[in-house]
Amino acid sequence: MADKPVLWLPRRVSDATIARARESYEVILNEADDVSTADEIVAMSARVDAMMPCHSEIFSADVVSRLDPRLKILANHSVGVDHCDLAALKARGIAVTNTPDVLSDATAEIAMLLMLGAARRAVEGDRIVRSGAWDFWSPSFMVGKQVSGARLAIVGMGRVGQAFAKKARGFDMEIHYYNRQRLAEDREFGATYHSSLESLLPNGDFLSLHCPATPETKNLLNADSLKLLPAGCVIVNTARGALVDEAALITALRSGQVAAAGLDCFVKEPGGNPAFADFETVFMLPHIGSATVRTRDAMGFRALDNLDAFFAGRTPKDLL
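Asker: What exactly am I supposed to notice about the sheet that holds strand 2 (residues 26-29) here?
Answerer: Hydrogen bonds along the backbone pair up the strands of a sheet, which may run parallel or antiparallel. Pairing is parallel in the open sheet, where five strands are placed in the order 2-1-3-4-5. Two strands bound the open sheet, and with one partner strand each, they are strand 2 and strand 5 (95-97). Both strand 4 (residues 73-75) and strand 5 contribute to a ladder of three bridges, which runs parallel. For Leu74, the partnering residue across the bridge sits in strand 5 and is Val96. Against the sheet, helix 1 (residues 15-24) contacts strand 1 (6-9) and strand 2, and its axis sits at roughly 140 degrees relative to strand 2.

Spelled out as structure tokens, the structure:
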């Protein structure tokens, strides 16, 4: 139909999402699946009514000021919206939505993988076996840090934080958390609430970050806050790289204040921080927290649900 809204998919989303999108929209797909420049985003805004960006597409105040009036909505294919200047978009009258709920379990699974992998020396163990260097064993060989029964400190008890806490209960972990406000008891999973980061961190034999990246949370983990953690702790980050002062974390790894880290996100993405590669105690993944077939389909469908509501004259469920 000629009157279908035009939708730009700047990244290659799931095949199921693309197929469904084509039922209701005239779809323009970035076949190269590369990161679009600011100029490319601005140019495309004159051709489309809607975009489904990922966190790789940056809508800064400058970019937003140059967008064509034709663009009406950004239906983000993500929960985090730190790549969007929400105030600037609102001022331009452009609706913004995200995809909460549907990726919590997948991301919590990756957090659990990173926590276990960092604690039990997965990088080093894999290298030894894979390289053929495994020619020795003794009771002191490859001794790591036990997860079961340890104290887990969670920063940010939103959907992902709660999903992670629920899974950590299966390891009989003693859970502590810091959040902007205390949760209802039935959502705490027996965790102890802390009203400040300073109160939480001394309980972090393991520390997992699940809060959004905002100006207030940038470098939340820094030289000062890292000193409040127990010596030999393990840090996990599946949220955003901006939460961690990477230079301070590297210093803490060298000193032994932090024994190990599991990282799925970095300040520079893609690419990460090559300095972490010097540490076999750092277990790294390329920001794949939500990367399962089921979750990618669910994220795309949630974004399309928001688009469908918007173009039908209804308020999208996830309007920000």
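That shown, we press on.
Asker: I would appreciate a short explanation of the packing of helix 1 against helix 11 (residues 293-311) in the present structure.
Answerer: What describes two packed helices is the angle between their axes and the distance between those same axes. Where helix 1 meets helix 11, the axes come as close as 9 Å, and the angle between the chain directions of the two elements is 20 degrees. Overall, the two elements helix 1 and helix 11 adopt an arrangement that is roughly parallel. Taken as a pair, helix 1 and helix 11 cross one another with a handedness that is right-handed. Judged by residue contacts, Ala16, Thr17, Arg20, Ala21 and Ser24 of helix 1 engage Arg296, Asp297, Gly300, Phe301, Leu304, Asp305 and Asp308 from helix 11. For the contact of helix 1 with helix 11, the per-class residue count stands at four nonpolar, three polar and five charged.

Asker: Help me understand the pairing of strand 7 (residues 174-178), please; the structure alone is not making it clear to me.
Answerer: It is a general feature of regular strands that their side chains alternate between the two faces of the sheet. Bridge count between strand 6 (residues 151-155) and strand 7: five bridges; the pairing is parallel. Paired with Ala153 across the two strands is His176, which belongs to strand 7. Each parallel crossover has a hand, and the one from strand 6 via helix 7 (residues 159-169) to strand 7 is right-handed. Looking at chain direction, strand 7 and strand 8 (residues 192-194) are connected through three bridges and run parallel. By the bridge assignment for strand 8, Tyr178 is matched with His194.

So, how was this worked out
- Within each chain, residues carry numbers counting from 1 in the order of the written sequence.
- Residue-level local features of this predicted model are given only where pLDDT is at least 70; pairs of side-chain atoms are given and counted only at 80 or more, and the full residue set underlies all totals for whole chains, interfaces and linings.
- Where side-chain values are given, they derive from all heavy atoms of the structure, hydrogens and water being excluded.
- Note on pairing: DSSP must find at least two bridges between two strands before they are called paired.
- A run of H or I in DSSP counts as a helix once it spans at least four residues, and a run of E counts as a strand once it spans at least two, with each numbered from the N terminus.
- Only heavy atoms matter for contacts: two residues are in contact if any of them lie within 4.5 Å across the pair.
- Axis geometry follows a simple rule: fit a line to the C-alpha atoms, using only the stretch in contact for helices, then measure angles between N-to-C directions, giving values from 0 to 180 degrees.
- Here is the rule for angles: anything less than 35 degrees is roughly parallel, anything more than 145 is roughly antiparallel, 65 through 115 is roughly perpendicular, and the remaining ranges are oblique.
- Helix crossings get a hand from a simple test, with the near helix turned counterclockwise from the far one by less than a right angle marking a left-handed crossing and a clockwise turn marking a right-handed one.
- Charged residues are taken to be Asp, Glu, Lys and Arg, nonpolar residues to be Ala, Val, Leu, Ile, Met, Phe, Trp, Tyr, Cys and Pro, and polar residues to be all remaining types, Gly included.
- By convention a crossover is right-handed if, when the strands point away from the viewer, the path from the first strand over the helix to the second runs clockwise.

That's the geometry; what it means functionally is another story.
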